[in-house]
Amino acid sequence: MVERLDAPQPVYPLPPIEQIPDDEIDRAEAGKQIATRIGELPAVVLGAASFSPLYNTDDHISGTSPLRVTRLALRYGINAFDTSPYYGPSEIILGNALKALENEFPRSSYQLITKCGRFGNTRADFDFTRAGVRSSVARSLSRLHTDYLDVVYVHDIEFIADVRAPRTVGNHLPALGSEKEAYGLEEYQAGQVLGEGDQEVLNAIEALRELQREGIVKKVGISGYPLPTLLRIAILVLHTTGRPLDIVMSYSHLNLQNRTFEAFKPAFLERAAVKQVVSASPFSMGLLTPKPPVWHPASDEIKVAVTKAIAMHNERISGGSRSPTFSELALGYAFGQALKAHTPTVVGLSRIEDVHTCVRVWQQVESGDLPTEWETHVEAVIRFFETENVLDRSWENPSFS
């Protein structure tokens, strides 16, 4: 449930911190902290969409698990958190957890990343106006128990920005080459505001920059799914305002099924002068797990191919003692490619065990201590996706319901 700005706020009370379990499983393994930083962010950022009904039950998110996940992540050095008003109670639950942990982890020890502009799935649920942006940020500050935010993105700009694309599904790599003009990415198109939608996005960015000048927001950026749209708008911001975006985040484009982020990232840096580009969702919003959420927007073709790939992988590793699960393989692949691309990864973690697994896989990738058969498994999955004609294919660009 996403609360409108003027709606009563739900309450997710926590017991006193001393009553919350802090057992052996809640402790970081000695010497396993993630110390790597990429730009001004840690290499791994905790995605707090997991603290919402999008991915977990009400019983789970209203209990102590989110606090224990947050605490363990911080103990491991995962000290940045990505959330959004669109993720239902995520900001509230994360904020309450961090408030309860303030003696162990003061505000200066972590970064808070949130978003503004989107509150639901219809046109009426988007508010990119100055007043809407300022109200959203004010509410986020209250929910997160802070007086400043390290990053605020204008959320899912593709819903509002004018559409300029020859297609809204499939492989969009030609946007960087033979179809630049069709995507609005030729040099002469750099400063073109296509319509009211583009202007709304620019207005929202200016509202955030106003808050940046006031010291309330440290970095301003945009987030969304389609890479060509994000790139076009990032270039537009640079050319119309004379100043680049601080940060851009795309999701589900740096994983086993879709690797196109790797090709697009240099264009964000070179053509739009974006200071940092972030990749989110190595599991592609749960698609690359045994039980993807029922609402997942991927096409049936992609979903079927992933189901087959998981079954094929499970059969291949049957009986193997060190063989990675499909989810571990997906996470390790995304971490490895992100390291090569010098890109932070936002990953959703729901349970304490997920945090331990995440850190273990990260350490294996960073140290090169992966199981000997790891690359063979990766190559097999990628070849299968290529055979099924779903490799590097994006699903339909999100639009209003």
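Right above here is the structure, for reference.
The notes below deal with the structure included here. Fair warning: this is a prediction, and the values are worked out from it, not measured in the lab.

1. Here we look at unusual backbone geometry
Leaving glycine aside, a negative phi is the common case for residues, and trans is the common case for peptide bonds. The backbone of His 342 shows a phi angle near 55°, a positive value even though the residue is not glycine. The residue Asn 389 is not glycine, and still its phi comes out positive at about 60°. Mapped onto the elements of the fold, Asn 389 is located in the segment after α11 (374-387). Relative accessible area serves as the criterion here: at 48%, Asn 389 is assigned to the partly exposed category.

2. Section: helix α10 (residues 352-367)
One full turn of an α-helix is made of 3.6 residues, so residues set three or four places apart face in the same direction. For α10, built from 16 residues, the straight-helix expectation of 22 Å at 1.5 Å per residue is met to within 8% by its first-to-last C-alpha distance of 23 Å. Turning to α10, its buried residues number three or more, namely Ile 352, Val 355, Cys 358, Val 359, Val 361, Trp 362, Gln 363, Gln 364 and Val 365. Of the surrounding elements, those touching the buried residues of α10 are β3 (44-47), α2 (65-75), α9 (326-340), β10 (345-348) and α11. Trailing α10 by a residue or two, Gly 368 shows a phi angle of about 80°, which is positive.

3. A few points about the side chain of Glu 91
Within the secondary structure, Glu 91 sits in helix α3 (residues 90-100). Judged by its relative accessible area of 0%, Glu 91 is buried. Polar contacts involving the side chain of Glu 91 include one to the side chain of Thr 114, which spans 2.7 Å. Beyond its immediate stretch of four places on either side in the chain, Glu 91 contacts Thr 83, Ser 84, Pro 85, Thr 114, Ser 140, Arg 143 and Leu 144.

4. Some details on a nonpolar patch on the surface
Judged by side-chain polarity, Tyr 55, Val 294 and Trp 295 come together as a nonpolar surface patch covering roughly 330 Å² of accessible area. Judged by relative accessible area, which is 84%, Val 294 ranks as exposed.

5. Details of empty space enclosed by the protein
Taken as a whole, this structure holds three cavities of 30 Å³ or more when the rule is applied. Its boundaries defined by the atoms lining it, the largest cavity holds a volume of some 80 Å³. Taken together, Arg 164, Gly 184, Leu 185, Glu 186, Gln 189, Ala 190, Gln 192, Leu 194, Arg 232, Ile 235, Leu 236 and Arg 271 form the lining of the largest cavity. For the lining of the largest cavity, a count of residues per class yields five nonpolar, three polar and four charged. As a volume, the second largest cavity reaches approximately 60 Å³. Lining the second largest cavity we find Tyr 12, Leu 14, Ile 61, Ser 62, Gly 63, Pro 66, Leu 67, Ile 93, Asn 96 and Ala 97.

6. As for the packing of aromatic side chains
A complete count under the given rule lists 11 aromatic pairs for this structure. Both rings, one in Phe 384 and one in Phe 385, keep their centres 6.3 Å apart while their planes meet at 50°; by these two values the pair is tilted. Taking the relative accessible area as the measure of exposure, Phe 384 reaches 15% and is therefore buried. What makes Phe 385 buried here is its relative accessible area of 0%. Ring-pair connections join several aromatic residues into one group, and the members of that group are Phe 126, Phe 128, Phe 159 and Phe 400. Sitting over the face of the ring of Tyr 86, Arg 118 holds its NZ or CZ atom 3.9 Å from the ring centroid. Between the NZ or CZ atom of Lys 218 and the centre of the ring of Tyr 148, over which it lies, the distance is 5.2 Å.

7. Observations concerning the nonpolar core
Residues Leu 46, Leu 208, Ile 222, Leu 256, Phe 268 and Phe 385 are the most contacted members of the largest nonpolar core, which totals 122 residues. Aside from chain neighbours lying at most four places away, what touches Ile 222 is Tyr 153, Val 154, Ile 157, Ile 205, Leu 230, Ile 233, Ala 234, Leu 245, Ile 247, Val 248 and Met 249.

Definitions and limits used
- Residues numbered from 1 in each chain as written.
- Predicted model: local features only at pLDDT ≥ 70, side-chain atom pairs only at ≥ 80, totals over all residues.
- Heavy atoms only, no water.
- Helix = DSSP H or I, 4+ residues; strand = E, 2+ residues; numbered from the N terminus.
- Buried < 20%, exposed > 50% of the residue type's maximum accessible area, 1.4 Å probe, protein only.
- Expected span 1.5 Å × (residues − 1).
- Contact = heavy atoms within 4.5 Å.
- Polar contact = N/O pair within 3.5 Å; in protein donor to acceptor, adjacent residues only side chain to side chain.
- Patch = residues over 30% accessible without salt bridge, like charges linked within 9 Å, V, L, I, M, F, W, Y side chains within 5 Å.
- Areas by Shrake-Rupley, 256 points an atom, 1.4 Å probe, with all protein chains shown as cover.
- Salt bridge = Lys/Arg side-chain N within 4 Å of Asp/Glu carboxyl O.
- 1 Å grid on protein atoms, 1.4 Å probe; cavity = no way out; pocket = protein on both sides within 12 Å on 5 of 7 lines; lining within 4 Å.
- Points joined across faces, edges and corners; volume = space filled by probe spheres on them.
- Nonpolar A, V, L, I, M, F, W, Y, C, P; charged D, E, K, R; others polar.
- Phe/Tyr/Trp six-rings, centres within 6.5 Å; stacked < 30°, edge-to-face > 60°.
- Lys NZ or Arg CZ within 6 Å of the ring centre and 35° of its normal.
- Core = buried A, V, L, I, M, F, W, Y, C linked by side-chain atoms within 4.5 Å.

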